[in-house]
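Architecture and fold: a report
This is what each chain is made of:
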Amino acid sequence: MSAKLSSLRLSKRLDEVRFSDIVQIRNKVMALRAGGEVVHGFHGGEPFFTTPLPVKYGMMQALVEDKTRYAPSSGMEPLREAIAHKLRTFNRMDVNADQVLLTVGGSHGLYAAFQCVLDPGDDALVFSPYWTPIRDLVTGAQGRPLLVPTISARNHGITDALERYATPHTRAIYYNTPQNPNGVVFTRQEAEEVAAFAKKRDLIVIADEAYEDLVYEGEHFSIATLPGMAERTITTYTLSKSFSMTGLRVGYVVACEPWMTGLRKIILYSTNGVSTPTQWAALEAMRMPRKFQAARLEEYRQRRDLLVQGLNELGLECMPPAGAFYVFPKSAKVHKDSRKAVGILLDRAHVATIPGVAFGAQGEGHLRFSYSVPTENIEAGIDALRKYLGHK
Ligand SMILES: Cc1ncc(COP(=O)(O)O)c(C=O)c1O
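Remember, it's a predicted structure, so these values are computed and weren't measured experimentally.

So, the sheet that holds strand β3 (residues 123-128)
- The strand order across the open sheet built from seven strands is β2-β8-β7-β6-β5-β3-β4, with neighbouring strands paired in mixed fashion. At either end of the open sheet lies a strand with only one pairing partner, and these are β2 (100-103) and β4 (144-149). With strand direction ignored, the average angle separating the axes of adjacent strands in the sheet is 25°.
- Sheet analysis places β3 next to strand β5 (residues 170-176), joined by four bridges and oriented parallel. Bridge pairing links V126 to Y174 in β5.
- Against the sheet, helix α4 (residues 77-89) touches β2 and β8 (251-254), its axis set at about 115° to β2.

See below:
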């Protein structure tokens, strides 16, 4: 092979970056539906509510008023001010607008955070099961994820678990609460343990609070508010889940120096900021009263309870999750191997779920169901499962 041809390859840092199972499942569901089949979809990861009207009008008005030029790549001043106000009042963070940067969704904030913190060869502790892209965000920064089993860490001690999995190359901890996929909401005491470990080992915490508004049991607690943590925490947020804005692609990060400089660089050279009309839409979202979240939470709670009860009656054992909008039952009733279980349920009951193993080895033996779907879809899905499991 000539020298020229051998250069037709991707950069090495993409070698370990993968695509997830979720895309394949989505494609299979689309193919079934295109063939006229009814599929009970529990595989999604977005709110089923529509985007609030003030948000839509905010964007429309921006377009009509020609607010379509470049905004500052860090985000518009009034929006960063509104976000800082929310962080002070809801999250109890002592921050100002200069510590807030707008991102293209939570994913972009996480990408920027890992790029800022990890050098090639660094390790990052990741509670597992974890949101699938995290592994790839770590490997894409040429780091190595060290998986810490969440449930056993919670049962036997967070500090001991972190001690056990940390290496001399460990530089960061990914801390997601409420968690996707298992709905775990870490307590304040658990946050204190993680924070104490981070300080003792001089680690940076990348805190992902994408589901902060979806907590049914306990309360949401931002780890950056603990003493000595503001300077070693980069917290990422998204408007995707709280305001049904998944397709608008907007979120934000909050941090101190030196992270702010790094995050600004990554944002500048990756996207040069969030689209200007989207930022006006986001400003309307940030101005909505908090009772909007409370009303939605109740809707989610009803769906959670309906799905948890239905699954348990069918032998798909699960606990009611404390947060987010996913249930993570055991797959054994269908098949121990979660990928096989997903294939069986999709082929025979037309029920679409995600294999637990897609969220790391610690998720094997489980299925992820989203209850961010209309109530009647939950009922129809449970019926379809009953018919299949009843005939097994
Ligand atoms: C745990 C977690 N963090 C972050 C995100 C980022 O979402 P987005 O990029 O849509 O804002 C998601 C989306 O599913 C998530 O589940």
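Describing the nonpolar core
- Ranked by internal contacts, the top residues of the largest apolar core, which has 113 residues, are F114, V194, V205 and I206.
- Counting contributing residues, this core receives three or more from each of domain 1 (3-50 + 291-391) and domain 2 (54-286).
- The contacts of I206, once residues within four sequence positions are left out, are L110, A113, F114, V117, A172, Y174, Y175 and I234.

Let's talk about the sheet that holds strand β11 (residues 354-355)
- Strands sit in the order β9-β12-β11 across an open sheet of three strands; the sheet is antiparallel. Each edge of the sheet is formed by a strand with only one pairing partner; in this case those strands are β9 (326-327) and β11.
- Here β9 runs beside strand β12 (residues 367-370); their pairing, made up of two bridges, is antiparallel. Residue V327 lies in a different strand from β12, and its bridge partner there is F369.

Brief notes about the site of the ligand
- Around the ligand there are 13 residues in total, and G105, G106, S107, A210 and T238 lie nearest to it.
- For the shell around the ligand, the leading source of residues is helix α5 (residues 105-117), giving three residues.
- Of the residues belonging to the shell around the ligand, the class tally is two nonpolar, ten polar and one charged.

Some details on helix α2 (residues 21-34)
- Under the 1.5 Å per step criterion, the end-to-end length of α2 is 20 Å for 14 residues, consistent within 8% with the ideal 20 Å.
- Of the residues flanking the end of α2, it is G36, one or two places downstream, whose phi is positive at about 90°.

Structural notes on the pairing of β12
- Side chains L367 and F369 of β12 all project onto a buried face; the interleaved residues R368 and S370 project onto the opposite face, where all are buried too.
- Judged from the two bridges that link them, β11 and β12 form a sheet pairing that is antiparallel. Bridge pairing links I354 to R368 in β12.

Focus on the domain arrangement of the chain
- Here the chain is described as being made up of domain 1 (3-50 + 291-391) and domain 2 (54-286).
- Distance between the C-alpha centres of domain 1 and domain 2: 24 Å.
- Each partner contributes to the interface: domain 1 provides 30 residues, whereas domain 2 provides 30 residues.
- Examining the composition of the side of domain 1 that touches domain 2, we find that five residues originate from one element, helix α12 (residues 291-313), more than from any other.

Let's talk about the pairing of strand β6 (residues 204-208)
- Burial analysis of β6 places five of its five residues in the buried class, which makes it a mostly covered element.
- Side chains I204, I206 and D208 project from β6 onto one buried face, and the interleaved V205 and A207 project onto a second face that is buried too.
- The pairing of β5 with β6 spans five bridges and is parallel. Its bridge partner being in β6, Y175 is matched across the sheet by A207.
- As a crossover connection, the stretch from β5 through helix α9 (residues 188-201) into β6 is right-handed.
- Taken together, the four bridges between β6 and strand β7 (residues 233-238) define a ladder with parallel strand orientation.

Let's talk about the environment of R386
- Among the structural elements, R386 can be located in helix α14 (residues 375-391).
- Counting along the chain gives 79 residues from R386 to L307, while the straight-line C-alpha distance between them is 13 Å.

As for helix α8 (residues 158-165)
- Listed in full, the buried residues belonging to α8 are I158, A161 and L162. One side of α8 carries all its buried residues, which in axial view fall inside an arc of 95°.
- Those residues of α8 that are buried are in contact with β3, β4, α7 (150-156) and α9.

A look at the packing of α8 against α9
- Between α8 and α9, whose axes approach to 9 Å, the crossing angle comes to 35°. For the element pair α8 and α9, the recorded crossing hand is right-handed. Touching I158, T159 and L162 of α8 are E190, E193, V194 and F197, all from α9.

About the criteria used
- Residues numbered from 1 in each chain as written.
- Predicted model: local features only at pLDDT ≥ 70, side-chain atom pairs only at ≥ 80, totals over all residues.
- Pairing = 2+ DSSP bridges.
- Helix = DSSP H or I, 4+ residues; strand = E, 2+ residues; numbered from the N terminus.
- Axes fitted to C-alpha atoms, helices over the stretch in contact; angles between N-to-C directions.
- Contact = placed C-beta atoms within 7 Å.
- Core = buried A, V, L, I, M, F, W, Y, C linked by C-beta atoms within 7 Å.
- Buried ≥ 20, exposed ≤ 12 C-beta atoms within 10 Å, placed from the backbone.
- Domains from an automatic or database assignment.
- Near = placed C-beta within 6 Å.
- Nonpolar A, V, L, I, M, F, W, Y, C, P; charged D, E, K, R; others polar.
- Expected span 1.5 Å × (residues − 1).
- Right-handed = clockwise from strand over helix to strand, strands pointing away.
- Arc of directions from axis to C-beta.
- Left-handed = near helix turned anticlockwise from the far one by under 90°.

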